[in-house]
Amino acid sequence: MLRIEDLKVNYGGIEAVKGISLEVPEGEIVTLIGANGAGKSTTLRTVSGLVKPASGKIYFKDEDITGLPPYEIVSKGITLVPEGRRVFPDLTVLENLKAGAYLRKDDIKPDIEWVYSLFPRLKERSWQAAGTMSGGEQQMLAVGRALMSKPKLMMMDEPSLGLAPLIVKDIFDIIKEIVRQGVTILLIEQNANMALQTANLAYVLEVGQITMTGTGKELLVNEDVRKAYLG
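In this report, we go over the structure that sits alongside the text. (Residues numbered from 1 in each chain as written. Predicted model: local features only at pLDDT ≥ 70, side-chain atom pairs only at ≥ 80, totals over all residues. Heavy atoms only, no water.)

### Details of the environment of E218
Put simply, the test is: In DSSP terms, a helix is any run of H or I states spanning at least four residues, a strand is any run of E spanning at least two, and both are numbered starting from the N terminus. Think of it in three bands: residues with accessible area under 20% of the maximum for their type are buried, residues over 50% are exposed, and the middle band is partly exposed, with areas taken using a 1.4 Å probe on protein chains only. Pairs of N or O atoms within 3.5 Å make up the polar contacts considered here, provided that, within protein, one atom can donate a hydrogen while the other can accept it, and that residues adjacent in sequence are counted only when both atoms are side-chain atoms.
By secondary structure assignment, the location of E218 is in helix α9 (residues 216-220). Taking relative accessible area as the criterion, E218 reaches 49% and is therefore assigned partly exposed. In this structure, the C-alpha to C-alpha distance between E218 and L196, residues 22 residues apart in sequence, is 8.7 Å. A distance of 2.9 Å separates the side chain of E218 from the backbone nitrogen of T215, its partner in a polar contact.

So this is what it looks like as structure tokens:
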């Protein structure tokens, strides 16, 4: 579904991503793991059009989308759940969800109900200001808002960051359910153990380069991965 070929991205004079190539098969959960500063978030931001690549190609369903503006990327079916949630704090839950559907011209009510079925807590708080909710609830809202654009591919940047273990389990259960309902997931996650348990395919990114790839289960038992990321 998504194919990245020899992608290079510069920040100022620094090469943050050094010619990576990877694939995200349709209907799967793919994870990128690596230390802070490895280039994971930069990769997602480049796919979503927020950062322009220095060179390389990005293909979505065999169409070259390299360097397109973010609104065009969203309209083609790719959405990003950013690190830190980034909900609109002064808007209600429902208004945040509607903001996620801003490019759509069709009836969004069935999708609001779908999001509420995935996250019953959001339905209970539909008229509450997003900024007054807990971190876990805000993360649910960030995922729900991303789903409102009807994505084919959803990219998630650190969805479990700062959340209690019980909430993290809930979020990962929801990720699996979203995939069952036809959305492909590309995931960055500091909880490498959880990410590898969940992912079909995994890449290890170190200092802007992919150093290892395999199924989630293969990397979970890899000695080098265990030492570096699983403690």
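That covers the picture; the talk isn't over yet.
### Here's the deal with the packing of aromatic side chains
Note the following rule: Note on aromatic pairs: the rings of Phe, Tyr and Trp (six-membered ring only in Trp) are paired at centre separations within 6.5 Å, and the planes decide the class, stacked below 30 degrees, edge-to-face beyond 60, tilted for the rest. Should the NZ of a Lys or the CZ of an Arg lie within 6 Å of a ring centre and within 35 degrees of the ring normal, that charge is described as sitting over the ring.
Evaluation of the coordinates by the stated rule reveals zero aromatic pairs. Here the basic side chain of R3 rests over the ring of Y59, its NZ or CZ set 4.4 Å away from the ring centre. We note R145 situated over the ring of F88; from NZ or CZ to the ring centre the distance is 5.1 Å.

### Focus: the environment of K98
Quick reminder of the rule: Should any heavy atoms of two residues lie within 4.5 Å, those residues are counted as being in contact.
For K98, the position within the fold is in helix α3 (residues 93-100). A C-alpha to C-alpha distance of 8.0 Å links K98 and I108, two positions 10 residues apart in sequence. Those residues in contact with K98 that sit more than four places away from it in its chain are I108 and I112.

### Concerning the packing of helix α6 (residues 135-147) against helix α7 (residues 165-180)
Quick reminder of the rule: Each axis is a line fitted through C-alpha atoms, taken for helices only over the stretch in contact, and angles between the N-to-C directions span 0 to 180 degrees. Just so you know how the angles are binned, under 35 degrees is roughly parallel, over 145 roughly antiparallel, 65 to 115 roughly perpendicular, and the rest oblique. When the near helix sits turned anticlockwise from the far one by under a right angle, the crossing is termed left-handed; a clockwise turn instead gives a right-handed crossing. Three classes are used, and their members are as follows: Ala, Val, Leu, Ile, Met, Phe, Trp, Tyr, Cys and Pro are nonpolar, Asp, Glu, Lys and Arg are charged, and the others, Gly among them, are polar.
The geometry of α6 relative to α7 is characterised by a closest axis approach of 10 Å and an angle of 15 degrees between their N-to-C directions. One element, α6, and the other, α7, form an angle in the roughly parallel class. As for how α6 packs across α7, the hand of that crossing is right-handed. Residues G136, Q139, M140, V143 and L147 of α6 lie in contact with α7, whose contacting residues are I167, I171 and I178. The residue makeup of the contact of α6 with α7, split by class, is six nonpolar, two polar and no charged.

### Side note on the pattern of salt bridges
The condition that has to hold: We define a salt bridge as a side-chain nitrogen of Lys or Arg found within 4 Å of a carboxyl oxygen belonging to Asp or Glu.
The tally for this structure, following the rule as stated, stands at 11 salt bridges. Here R3 and E5 are joined by a salt bridge, their closest N and O atoms 2.9 Å apart. A relative accessible area of 32% places E5 in the partly exposed class. By sharing partners, the salt bridges in this structure join R3, E5 and D62 into a single network.

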